[in-house]
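# Observations on the model geometry
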Amino acid sequence: MQPRVTAILVVRNGEPWLDRTLRALAGQTRRPDDVVFVDCSSTDRSAELLTASSPNAYVRASNLPMADAIDVGLGHAASRSPAASDPASDWIWLLTADTAPEPDALERLLAAVEVAPSVAIAGPKVVDADDRGLIRSYGESMSTFGATVKLAEDELDQAQHDQDGDVLGVTSSGMLVRRAVWARLGGFDRGLPSVDAGLDFSIRARLAGFRVIRVAGARVSRGVRPEDLGRRRPLSARGRTRVARTAQLHRRMAYAPGGALLIHWLSLVPLAVLRSIGQLLGKRPGAIGGEFAAAFRVAFDPSVGSARGRIRRTRTLGWAAIAPLRIPGDQVRELRAAARDRSAGDGEPDLVRAPFFGGGGAAVTLVAAVVGIGVFWRLLGANAIGGGALLPLDDGVGALWSHVAWGVRGIGYGLTGPSDPFVVVVAVLGSLTPWNPSLSLVLLWLTALPFAALGAWWCATRISERRWPPVMAALLWMLAPPLLSALSAGRPSAVLLHLLLPWLVLAALEGARSWSASAAASLLFAAVTACAPVLAPALLLAVVAWAFARPRGFARVIGIPIPAVALFAPLIVTQLARGNPLGLLADPGASVAFPDASGWQLLIGLPSAADDGWAALASAIGLPGGLGVLAPAVLLAPLAAIALLAIFLPGSRRAIPSVIIALLGLITGVASAHLAIATSGADLVTPWPGTGLSLYWLGLIGAAVVALDALGSARVLVGIAVLLTAGAAVAPLLAAPVLGTSPVAKSDARLLPALVTAEAAAHPGVRTLVLQPQQDGSVAAVVDRGLGTTLDETSTLWSTRHSVDDGAHDLATLAGNLSSRSGFDPVRSLAAFRVEFVLLPAADGGAIAVRQRLAESLDATPALTPIGETPVGTLWRVQSYADAPEPGTGLTKPAVAILIAQGLVIALALLLALPTARRRRVVTEATLPGEDPADTFSEDDNA
């Protein structure tokens, strides 16, 4: 008897493809015996098109899943079937609105199954609707762990798969299935509404003893993915991943042996966590939500039970029967690698830039290293350095990291609160030399110039494709006045900021197309804002602007500030609770006052009046002071001119962002000079303007690079002129460390006298009252704990306090009474602060008289025993001091919770930043047209 075929066409908003599908169905060389159209509540013109084609049966159903819609269509077809038809020879042909069969598709499918009675399911070769030579699906299988494996997907059809007919499964698009088998197996699984429905049905047919084949000659074109059918907008990559994972977990639960079902159920969420880490490493953070959504959905999916029941009722063979058709792990890896290779073929164009060794990068770094050693030769052999705003680091790495948490800060009279994010940066820096953390600051000073040159060179190669402009950028960034001033003034946070800024820009530029670069940019953003909180507004504005400028990478770019927000959150909450939001902009580290720079000095990049070496030189040789101000401005004029010229040269689209960055930096620097938000003794302290000026200088150099790139053969001469004049402008700053006039010098890392240090080593709770005479006649009092306040123990909560609490009042009372002869007995007050020593540091200028008065008063205090002069000042000991155990400073539960949350954010960013994906090919400048060939090298991209 001739086989009888019932075609079931399920439509849900299929107007874009339906006309083509209906014409293809009507043009079959072997027409179906019955055609049933099932319209699942389409809201477009699908119903009109279906009724106009005069089907055998038209059913308008509710918005049903594919499996239920097919059953509705079969129910109408059964009422029309001849009574004499043989159920064993009845076939169902499953079609959707976008599946247009070629004219002989049904004929070839029937020809294949008529000669193989054991075959219950036959699948066509599904090709692309617009490119018939591209295979979309041709057979499916499973991996060892149950993941769906497409045997052929997105491949050019070269008949490479046509010889292999038997497969584990086929897709539902164009599937031909025996009607009796459909009824016996219960149709498609309701828990698989789109993805894997055909594969699951094929597996159940195999377990019931039937064969599944694919027919190469039968071709069906498909317009969209199965999961996108009926949707107004296709699923995103994240949505497709979620749907596929949900289908895989559903099948895993349905196929699991009864004894292992509970284990599989309990492992759903832990596996989601592990796979989320894998998604991070694979640079797919958007898939993390889908992992958990799939796990929770399957964990409470009632359709799993019915799916297991159907398998139990219909299975006649064991799972070992289909094992030969499953794909081994090595073949799965090969198939996935081939898919990655195909997708990489459509990637972004090569990145063109100069090579590191042949393009000047290595040479300029070496030159900068030689200059750095020559400038800071006095620091060679030092184990620690001090002076300016420099403080030593704690002796142990463990102690460094302990100061990261919320707790008691070792400064003032006992401050409890969150640490500055800069403490994390200091802890990382100190961990580089764990045997002597303070040595890391020495190495930072000695290597600052070469690291600055290296970072600027790499960043400039992303802007320019030529050799000379990046070299010029590296030298200009190394000679930037904000960097040299920070090195001379001993400001480690400003130095670190200057070194990190080019890497942040480089990572942010790549971050629009690469999750790895975006994560690296987020960590660099956190480090940069930790070093210079005053830069946060400008950088946030730049990130938002970059995100909107790159809408395809919006999610990658807009998330860059997340780690910084996590680190700053406790400090933000605390400062807001204190009513001091501007305190968030204060510089971390030691709070040290400096001479304010004029507006003209800020414009030429000098953050402090103390850096105006040209004025001092002019005075020394008897020239008018105005010449000292005019000289650096004239010398830096070529750089400013070439930067402004970039706006009018070819490539100005690249120069405008640089000019905007320079403007943001200058505004930040000028604003910083007017924000007196911290204190140092009797002095008001503003944020260091050099951090904003570093951003200003970065923008100027970026614009200059673009200009030189457009100047053609004149770029070398112009660049040399700019370099020579800029180098001359900063000559006094370079000379200061060489001549020893800079405050930065070798140190023994000792903040307090040797006697105090020895006592603190035995009794860490020892505290020292330091009375510092001020120029205005007042006295600044600070209680140092243990070995003294190290850089990792400083806190902006202390330097920006603007109210007097009980502790400050008591300390002021104690210091005031000790500063003058009176009948005040300081014993109880000293005991309250647990003070064993009183230190009177050296003074100069107008503070000398104040110090003399203080010394006489302390000598006359009966409770104090004079120890004598020490290298750091005059020392007294409290006679009645009694050692007591240090109050508990362990981590509280809230502090632990904050640390865990911050650590989790940083860990996720680190995982995402690890390079794991294919690298983007980088082409050197010499391979450009008109140049000599040169080697190429690769740089991580992870798009």
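Here, every reference points to the structure presented above.
All values reported here derive from a predicted model rather than from experimental measurement.

### Focus: helix α11 (residues 303-314)
- An ideal rise of 1.5 Å per residue puts 16 Å on 12 residues; α11 measures up with 17 Å between its terminal C-alpha atoms.
- For α11, every residue scored as buried is listed here: S303, V304, A307, R308, G309, R310, I311 and T314.

### Digging into the packing of aromatic side chains
- Evaluation of the coordinates by the stated rule reveals 8 aromatic pairs.
- Considering the side-chain rings of F188 and F201, the 5.6 Å spacing of their centres and the 85° angle between planes classify their relative orientation as edge-to-face. You can see F188 sitting in the loop between α5 (179-185) and α6 (197-207) and its partner F201 sitting in helix α6, a full 13 residues away along the chain.
- On the accessibility criterion, F201 (0% relative accessible area) is buried.
- When the centroid spacing of 6.3 Å and the interplanar angle of 90° are considered together, the rings of W265 and F300 count as edge-to-face. Residue W265 is located in helix α8 (residues 261-266), and its partner F300 is located in the loop between α10 (288-299) and α11; the two are separated by 35 residues in the primary sequence.
- One aromatic cluster in this structure is built from W182, F188 and F201.
- Over the ring of Y138 we find R214, and its NZ or CZ is 4.4 Å from the ring centre.
- Taking the ring centre of W798 as reference, the NZ or CZ of R801 above it sits at 3.6 Å.

### Digging into the pairing of strand β24 (residues 873-878)
- Among the 6 residues in β24, 5 count as buried, and that is most of the element.
- The pairing of strand β22 (residues 835-840) with β24 spans 4 bridges and is antiparallel. Within β24, the residue paired with V838 across the bridge is W876.
- Here 6 bridges tie strand β23 (residues 864-870) to β24, and the two strands are oriented antiparallel to one another. Residue pairing across strands places T870 opposite G873, the latter belonging to β24.
- Taking the residues that link successive antiparallel strands as the turn, the β23-β24 hairpin has 2 residues.

### A few points about the nonpolar core
- If you look at the biggest cluster of nonpolar residues, it comprises 123 residues, and the most contacted ones within it are I385, W445 and V495.
- In contact with I385, other than residues within four places in its own chain, are L379, L390, L441, V442, W445, V744, A745, K746 and S747.
- Residues A57, L151, V212 and V332 belong to the second largest nonpolar core, which totals 41 residues.

### Some thoughts on the environment of A842
- Inspection of the secondary structure puts A842 in the loop between β22 and α35 (847-859).
- Residue classification places A842 among the exposed residues on the basis of a relative accessible area of 57%.
- C-alpha of A842 to C-alpha of V872: the two residues are 30 residues apart in sequence and 7.0 Å apart in space.
- Among residues more than four places away in sequence, those in contact with A842 are Q772, R851, V872 and G873.

### Section: the sheet that holds β24
- As summarised here, the arrangement of the 5 strands in space is β21-β20-β22-β24-β23, forming an open sheet in which the pairing is mixed. Because the sheet does not close on itself, it has two edges, and the strands there are β21 (779-785) and β23. With direction set aside, neighbouring strand axes in the sheet form an average angle of 25°.
- The sheet contacts of helix α33 (residues 806-818) involve β20 (767-773), β21 and β23, and relative to β20 the element is tilted by about 65°.

The rules behind the values
Each chain has its residues counted from 1, running along the sequence as written. Totals for whole chains, interfaces and linings use all residues, but because this is a predicted model, local features are given only for residues with pLDDT of at least 70 and pairs of side-chain atoms are given and counted only at 80 or more. Side-chain numbers here rest on the full set of heavy atoms in the structure, without hydrogens or water. The helix and strand labels rest on DSSP assignments: H or I over at least four residues marks a helix, E over at least two residues marks a strand, and numbering proceeds from the N terminus. Each residue after the first adds 1.5 Å to the expected span of a helix. Buried residues are those whose accessible area, probed at 1.4 Å on protein chains only, stays under 20% of the maximum for their type, while exposed residues exceed 50% and partly exposed ones sit between those limits. Centres within 6.5 Å are what make two rings of Phe, Tyr or Trp a pair, Trp counting through its six-membered ring; a difference in plane orientation under 30 degrees is then read as stacked, over 60 as edge-to-face, and the rest as tilted. The criterion is that NZ of a Lys, or CZ of an Arg, lies within 6 Å of the ring centre and within 35 degrees of the ring normal, and then a charge sits over that ring. For two strands to be treated as a pair, DSSP must find no fewer than two bridges joining them. Take the buried residues of types Ala, Val, Leu, Ile, Met, Phe, Trp, Tyr and Cys, join any two whose side-chain atoms come within 4.5 Å, and each joined set is a nonpolar core. Note on definitions: a residue-residue contact is assigned when non-hydrogen atoms from the two residues lie within 4.5 Å. Note on method: axes are straight lines fitted to C-alpha atoms, helices fitted across the in-contact stretch only, with angles between N-to-C directions ranging 0 to 180 degrees.

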